[in-house]
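# Observations on the three-dimensional arrangement
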Amino acid sequence: MVKEEDRKTTTAATTTGSRASSVSLLVCSAVLGIGAGVGLYFWNRTKRNRTPWRRGKGNANKGVMTKTQVDLLEGYEGKCVLTKKQMEGIIEDFLARMEEGLEREEQQLKMLPSFVEKMPCGKEEGEFLAIDLGGTNSRVVRLALKGGQVREMVAHEDPIPKELMVGTTKELFDFIARQVKTFLGKHNTLAQSGQGKGGKIPIGFCFSYPMKQTGLANGEIVNWNKGFDIKDTFGKDLVELLEGSLSEYKIQGKVFAMVNDTVGTLAAHKFIDQDTQLGVILGTGSNAAYIEGKRRITKLQGGETKREEDKMIVNIEWGNFKSSRLPYLEEDREVDERTPNKGKQHFEKMISGMYLGEMVRLACLRASAEGNLFGGSQKDKLQQAWTFPTSLVSRIDGLGPEKLDQVKKELSAALDIPRAEITHGCARFVSRLCQLVGDRSAALAATGVTAIYRYLMQSKQVSPNQRFVVAVDGGLFEHYPRYPERMQQTFISLLGKEQAKRVELVHSPDGSGIGTAVIAAATAR
Ligand code: BGC
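In this report, we go over the structure that sits alongside the text. What you see is a predicted model; the values in this text were computed from it and never measured.

## With respect to the overall build of the chain
The number of helices and strands found in the chain is 19 helices and 14 strands. When each of the 525 residues of the chain is scored for burial, the buried share is 62%. Taking all contacts inside the chain whose residues are at least 6 apart in sequence as the whole, residues at least 24 apart take part in 72%.

Right, dumping it as structure tokens:
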């Protein structure tokens, strides 16, 4: 389905398209039918055994690890393999932070009202343009909704240039406007469709950062994350900024809804499955949004309602969760030091794709200095921050301990270290380390989902007997080996086998694009 002349453009003729998102792993591909396809692929794969690793006598060249490497790994294992008790403690803290965030502004969990009150029912219709500013890419999607399906979808995405992530607001929004202009030059039918006020193109804006909204189509940024640090965005209305740049580029558009990517993902799946309760992003960043009874969002000014059935999607911004019970490593502190949003987004930095590689790099650096990893000399490339991509962690974890020759090849190519200097012991160390970092990420993400599930059951908004459908998008979930399977293991450990079956993790490709359009359609109707 990917057009030859434009590899970045995706066309899906029937139900939906797929998302080329995050962790800089891939480009677009088309998928027919939203659903659990990719997820099920992972579910059905067999579980790999735990890595067997042996204690060596200090000579890594014999294919075993040095004693210090083994000790280091034992330390990481002690932290990264979470016990049920630990996870229960994390859930307890998470629930307390949720309640605080619903009551008051500026809490650790921001619990941001999205103003999405009309839940998608599957009857939304129309042609829309979705503009999606993510952590790695900016994406423009034109789609048509009809008869409970995405009838047509064309998408184009570009990586966001690094300098724009720390430049000015105007440069960033002008970049989006230019992208939209080029896209419409190739794919526009919307202007002629006459939808929207005054014949303007109806737009849904997906903004994957925390924002304080006072309505569905207005709001200001709370803080930048995922490497963005643009100082002059604060205090400005994001929709006005977008419409302003679009109009400078002579694009007549009207933004009907501005939503977070988690909100979009939830709405997109709700459009096709009414049992969807939660939207989760596991990609460059991480976060979740759920459907809340409006009465429970006590901090919502003017939102007073007596009606039990009034609902609103709440963007939790779970990335900022922090608890002394989290399995925090020295490397987590070091990763945090290297980020522009130091001291924030602890949970996200332990889970999401932007940070896992850096975490492994720092652990390798330590093992090199203390435990003779890679011959003990501090390799140039390994010393440079952010040079160990999460896609490499993912590949090494996927290869497993049985394919150490391939692990060596990967490491040699990525870190510019001669093959001969990477012993079997080194490869084994890095292989196990990647597995532990992946395990911890999935266990924490699943602990977060379980906390929200418990909250909804405790507040009697979800019955323990009903399906609890969790729509997930993002490159980590989609591409990291056995990620959904690892999450499922955590659900079993926390909820028991029977209850865990009710939690259905479904990959919702292109959730943010489709969901934004669905919400815009629900509003426009
Ligand atoms: C942002 C969230 C977003 C998540 C996933 C986080 O860094 O704060 O708003 O939903 O990334 O993209």
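## Examining the environment of Lys236
Within the fold, Lys236 resides in the loop between β8 (218–221) and α7 (238–248). Judged by relative accessible area, Lys236 falls into the partly exposed class, the value being 33%. For the pair Lys236 and Thr169, spaced 67 residues apart in sequence, the C-alpha separation works out to 9.7 Å. In contact with Lys236, other than residues within four places in its own chain, are Gly219, Glu220 and Leu241.

## A closer look at the sheet that holds strand β12 (residues 311–315)
Strands in a sheet are paired, the pairing made by backbone hydrogen bonds, and the direction either parallel or antiparallel. With respect to topology, six strands assemble into an open sheet ordered β2-β12-β11-β10-β13-β14, the strand pairing being mixed. Among the strands making up the open sheet, the edge pair consists of β2 (112–113) and β14 (503–507). Summarising the sheet, strand β11 (residues 286–293) and β12 pair through five bridges and their orientation is antiparallel. Across the sheet, Gly293 pairs through a bridge with Lys311, a residue of β12. Those strands touched by helix α17 (residues 483–495) are β10 (276–282) and β14, and its axis lies near 165° from that of β14.

## Re the site of the ligand
Around the ligand sit 15 residues in total, of which Asn225, Asn260, Asp261, Glu317 and Glu348 are the nearest. A distance of 2.5 Å is found between an oxygen atom of the ligand and a side-chain nitrogen or oxygen belonging to Asp261. If the ligand stood free it would expose 310 Å²; the protein chains cover 98% of that surface. Listed by contribution, the elements that provide at least two residues to the shell around the ligand are α8 (261–272) and β11. When the residues that make up the shell around the ligand are grouped by side-chain class, the tally is three nonpolar, eight polar and four charged. The two domains that each donate at least three residues to the shell around the ligand are domain 1 (63–111 + 273–508) and domain 2 (115–259).

## A few points about the packing of aromatic side chains
The tally for this structure, following the rule as stated, stands at 16 aromatic pairs. Clustering of aromatic rings is evident, with ring pairs tying together Phe173, Phe205, Phe207, Tyr209, Trp224 and Phe228. One Lys or Arg, Lys226, reaches over the ring of Tyr209 and ends 4.4 Å from the middle of that ring.

## What about helix α5 (residues 169–187)?
In this model α5 runs 27 Å from its N-terminal to its C-terminal C-alpha over 19 residues, within 8% of the 27 Å that 1.5 Å per residue would give. Within α5, burial applies to Thr169, Leu172, Phe173, Asp174, Phe175, Ile176, Ala177, Gln179, Val180, Phe183, Leu184 and His187.

## Some thoughts on the pattern of salt bridges
In a structure, side chains of opposite charge can pair up when their charged atoms sit close to one another. Throughout the structure, instances matching the rule amount to 35 salt bridges. Salt-bridge contacts for Glu337 lead to Lys342; the nearest nitrogen and oxygen are separated by 3.9 Å. For Arg338, the salt bridge goes to Glu358, with nearest N and O atoms at 3.5 Å. Placement of the pair is Arg338 in the loop between α9 (330–337) and α10 (346–351) and Glu358 in helix α11 (residues 353–371), with a sequence separation of 20 residues. The class for Arg338 is partly exposed, based on a relative accessible area of 35%.

## Looking at the layout of surface pockets
Size it by volume and the largest pocket reaches roughly 520 Å³. In this structure, the largest pocket is lined by 20 residues; those nearest its centre are Lys162, Thr284, Gly353, Met354 and Trp386. Broken down by secondary-structure element, the contributors of at least two residues to the lining of the largest pocket are α4 (162–165), α11 and α13 (390–399). Looking at which element gives the most residues to the lining of the largest pocket, the answer is α11, with four residues. For the lining of the largest pocket, the residue count by class is seven nonpolar, nine polar and four charged.

## Let's talk about the side chain of Asp132
By the secondary structure assignment, Asp132 is in strand β3 (residues 126–133). A polar contact is formed between the side chain of Asp132 and the side chain of Ser512, at a distance of 2.9 Å.

Parameters and conventions
Residues numbered from 1 in each chain as written. Predicted model: local features only at pLDDT ≥ 70, side-chain atom pairs only at ≥ 80, totals over all residues. Heavy atoms only, no water. Helix = DSSP H or I, 4+ residues; strand = E, 2+ residues; numbered from the N terminus. Buried < 20%, exposed > 50% of the residue type's maximum accessible area, 1.4 Å probe, protein only. Contact = heavy atoms within 4.5 Å. Pairing = 2+ DSSP bridges. Axes fitted to C-alpha atoms, helices over the stretch in contact; angles between N-to-C directions. Near = heavy atom within 4 Å. Polar contact = N/O pair within 3.5 Å; in protein donor to acceptor, adjacent residues only side chain to side chain. Areas by Shrake-Rupley, 256 points an atom, 1.4 Å probe, with all protein chains shown as cover. Nonpolar A, V, L, I, M, F, W, Y, C, P; charged D, E, K, R; others polar. Domains from an automatic or database assignment. Phe/Tyr/Trp six-rings, centres within 6.5 Å; stacked < 30°, edge-to-face > 60°. Lys NZ or Arg CZ within 6 Å of the ring centre and 35° of its normal. Expected span 1.5 Å × (residues − 1). Salt bridge = Lys/Arg side-chain N within 4 Å of Asp/Glu carboxyl O. 1 Å grid on protein atoms, 1.4 Å probe; cavity = no way out; pocket = protein on both sides within 12 Å on 5 of 7 lines; lining within 4 Å. Points joined across faces, edges and corners; volume = space filled by probe spheres on them.

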